[in-house]
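Report on the structure
Take a look at the letters that make up each chain.
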Amino acid sequence: MEGTAHAPADPTDPREPYDPAATERWATEPDKRPGRTAFQRDRARVLHSAALRRLAGKTQVVTPGTRSYDWDASPRTRLTHSLECAQVGRELGAALGCDPDLVEAACLSHDMGHPPFGHNGEEALNEFAKDCGGFEGNAQSLRLLTRLEPKRFVPDADGELVSVGLNLTRACLDAATKYPWARGDHPTDPGSVKFGAYEDDLPVFEWLRLGAPADRKCFEAQVMDWADDVAYSVHDFEDGLHAGHLDPNLLHAEPERTAIWRVAIGRYVPADTDPEELREALDRLMEQEWWPHGYDGSAVAQARLKDATSQLIGRFCQAAEGATREAYGPGRLTRYGAGLVVPREACNECAVLKAVADLYVMQRDEQERIRADQRVVLAELAEALSRRAPEGLDPQFRAIFDTAPDDRARKRAVVDQIACLTDAAARSLHGRLTGRTRRAEG
């Protein structure tokens, strides 16, 4: 990631380094309490939102509420991942001169739109919604923040009250936008399934991107994105060890190493990456004195593993901070005045951890059975809700369905309802509407 240099500012200057346009809200509203910054208000709104709380019941990698046969995995959920991502992003952003509340708010909200059952649920909903604009978790996050999460209502041209979601600042919405383009507008790959805004959310998307260079993430979004990569690569690896799915001694030998490179290349690193680079990355990590060469679940092993995760997070963040400071100097780095620089070596080390967790946790035979069952649950639930709607919809989504102008908008209301469900709520509603109870994973 790279950007253009800007004139250095005094890093000791306590004044907020953001122009008035960055702190504008879609709907103007007065402060409730003087003395708070605009971004402190943003962070508080995200932190107190129902959408954030629901992430406690949504899958990160291992399904919430399940237990390993070896020992209690206590797996991360989307909520705990978001909290950890926020801590990483807040400190890295502050070290680079960003407003820490702004970066934390973006990190807390970046996964809000993810549906039940993690990326598996995302794929199932995208298939169901293919004729009404598709489904993408990041685009759904923008929809939640600007439309679905009840916080602020304003009158439209006809005097009817319409929701503007949490009514966050332009800079906060921009910082939470990982993919700053609409569906089909990826700058290099029009067929990409990743995008940041649905067609009917383009007005607010264009507003939040006012003055932004086309297709370029703001600096705070780049910090959020790297914090997300760091948090989930390190913590998914940690969860794999806790759950007994991963023996670190396997990482020394073939054919396991070749399998790791095969998973990483094209998915976590560019397709033209030389496997030798990944071998060197894994070797660098395994040569560290804190690297966990074994894990037996004992208190000592848990402490050593926790130290390793701390060391890894510090290693990745310090690499990005050092390289970015080398490129841009000591001033405050914000918005479009800089680009986060992540050394290739750090990217490769992070990617290797992702690939290890992918291979040994997500690609287990048991997990594929679970994912297949989850896809059936969501497909059947979507069809059942569509047939019965507006019956079965929560009052909020029933109102959206009843006022929808066409079938596409009505189907989108059904998608919005399903996306808001936790894993358990999706199974419960599926059983209630279909009369069939599928065995929950575990």
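None of the values given here were measured: they were computed from a predicted structure. Every chain is numbered on its own, with residues counted from 1 as its sequence reads. Totals for whole chains, interfaces and linings use every residue, but because this is a predicted model, local features are given only for residues with pLDDT of at least 70 and side-chain atom pairs only at 80 or more, for both listing and counting. Heavy atoms throughout the structure, all of them, feed into the side-chain values; hydrogens and water do not.

Moving on to the overall build of the chain. If you tally the helices and strands in the chain, you get 17 helices and two strands. With the radius of gyration taken over C-alpha atoms, the globule rule is written as 2.2 Å times the number of residues to the power 0.38. In terms of overall size, the chain behaves like a compact globule, its C-alpha atoms giving a radius of gyration of 22 Å where 442 residues would be expected to give roughly 22 Å. If one aligns the C-alpha atoms of the chain with their principal axes, the spans along those axes are about 65 × 60 × 40 Å. Buried residues are those whose accessible area, probed at 1.4 Å on protein chains only, stays under 20% of the maximum for their type, while exposed residues exceed 50% and partly exposed ones sit between those limits. Classification of the 442 residues of the chain by burial places 55% in the buried group. Here, residues are in contact when the closest pair of their heavy atoms is within 4.5 Å. Looking at the chain alone, contacts between residues at least 24 apart form 73% of all its contacts between residues at least 6 apart. Runs of H or I in DSSP of at least four residues are treated as helices and runs of E of at least two as strands, each being numbered from the N terminus.

On to the packing of helix H3 (residues 78-95) against helix H4 (residues 100-109), then. For any two helices packed against each other, the geometry comes down to the angle between their axes and how far apart the axes lie. Where helices are involved, their axes are fitted lines through C-alpha atoms of the stretch in contact, as for all axes, and angles between N-to-C directions lie from 0 to 180°. Their axes nearest at 8 Å, the elements H3 and H4 cross at an angle of 155 degrees. By the angle between their directions, the pair H3 and H4 is classed as roughly antiparallel. Here the hand of the crossing between H3 and H4 comes out right-handed. Contacts from Ser82, Leu83, Cys85, Ala86, Gly89, Arg90, Gly93 and Ala94 in H3 reach Pro100, Asp101, Val103, Glu104, Cys107 and Leu108 in H4. Any angle from 65 to 115 degrees is called roughly perpendicular, while one under 35 is roughly parallel, one over 145 is roughly antiparallel, and all others are oblique. For any pair of crossing helices, the crossing counts as left-handed if the nearer helix is rotated counterclockwise from the farther one by less than a right angle, and right-handed if it is rotated clockwise.

Once that is clear, we can look at the layout of surface pockets. A cavity here means a set of points on a 1 Å grid, drawn over the protein atoms and nothing else, where a 1.4 Å probe fits but cannot get out; a pocket is an open set with protein on both sides within 12 Å along at least five of seven lines, and a residue lines either one if it has an atom within 4 Å of a point. Grid points are joined across faces, edges and corners, and a volume is the space filled by probe spheres set on the points. Roughly 760 Å³ of volume is contained in the second largest pocket. Along its surface, the second largest pocket is lined by 30 residues, and Thr146, Arg147, Val162, Ser163 and Ile400 are the ones closest to its centre. Of the residues forming the lining of the second largest pocket, the biggest block, five residues, is contributed by helix H6 (residues 137-148). Any residue that is not Ala, Val, Leu, Ile, Met, Phe, Trp, Tyr, Cys, Pro, Asp, Glu, Lys or Arg is counted as polar, Gly included; the first ten are nonpolar and the last four charged. A per-class count over the lining of the second largest pocket returns 19 nonpolar, five polar and six charged.

Take the side chain of Thr309 next. Mapped onto the elements of the fold, Thr309 is located in helix H12 (residues 299-328). Residue Thr309 is classed as buried on the basis of its relative accessible area, which comes to 3%.

What follows concerns the environment of Arg371. Tracing the backbone through its elements, the reader meets Arg371 in helix H14 (residues 365-388). Along the chain, Arg371 and Gly118 lie 253 residues apart, while their C-alpha atoms are 9.8 Å from each other. Apart from residues no more than four positions distant in its own chain, Arg371 is found in contact with Asn120, Met362 and Gln363. Reaching out from Arg371, the side chain makes a polar contact with the side chain of Glu368 at a distance of 3.1 Å. Any pair of nitrogen or oxygen atoms within 3.5 Å is treated as a polar contact; in protein, a donor-acceptor pairing is required on top of that, and neighbouring residues in sequence qualify only through side-chain atoms on both sides.

Here the focus is the confidence of the model for the chain. Atomic detail in the predicted coordinates should be set aside for any region of low pLDDT. Across the chain, the average pLDDT comes to 91, with 92% of residues at or above 70. A residue's pLDDT is simply how confident the predictor is in it, with values from 0 to 100. Long-range and interchain partners of residues 1-15, a stretch whose pLDDT sits below 50, account for 30 contacts in this model, where long-range means more than four residues apart.

Here we take up the nonpolar core. Counting residues in each nonpolar core, the largest one holds 123 residues, and the members touching the most others are Trp226, Leu251 and Leu381. It is helix H9 (residues 219-242) that provides the largest number of residues to this core, a total of eleven residues. With near-sequence residues (within four places) excluded, Trp226 lies in contact with Leu92, Phe316, Cys317, Ala320, Leu340, Val342, Ala346, Cys347 and Cys350. Side-chain atoms within 4.5 Å are what join buried Ala, Val, Leu, Ile, Met, Phe, Trp, Tyr and Cys residues into a set we call a nonpolar core.

Running from N to C, H9 and helix H13 (residues 344-362) cross one another at 40 degrees; their axes reach a closest spacing of 9 Å. It follows from the interaxial angle that H9 and H13 lie oblique. Crossing of H9 over H13 shows left-handed handedness. Contacts from Trp226, Asp229, Val230, Tyr232, Ser233, Val234, Asp236, Phe237 and Gly240 of H9 reach H13 at Ala346, Cys347, Cys350, Leu353, Lys354, Val356, Ala357 and Val361. Classifying every residue of the contact of H9 with H13 by side-chain character gives twelve nonpolar, two polar and three charged.

A helix is expected to span 1.5 Å multiplied by its residue count minus one. Taking 1.5 Å of rise per residue, twelve residues should cover 16 Å, and helix H17 (residues 423-434) covers 17 Å from first to last C-alpha, within 8% of that figure. Along its buried surface, H17 packs onto H14. Note on H17: the residue one or two positions beyond its end, Gly435, has a positive phi of about 75 degrees.

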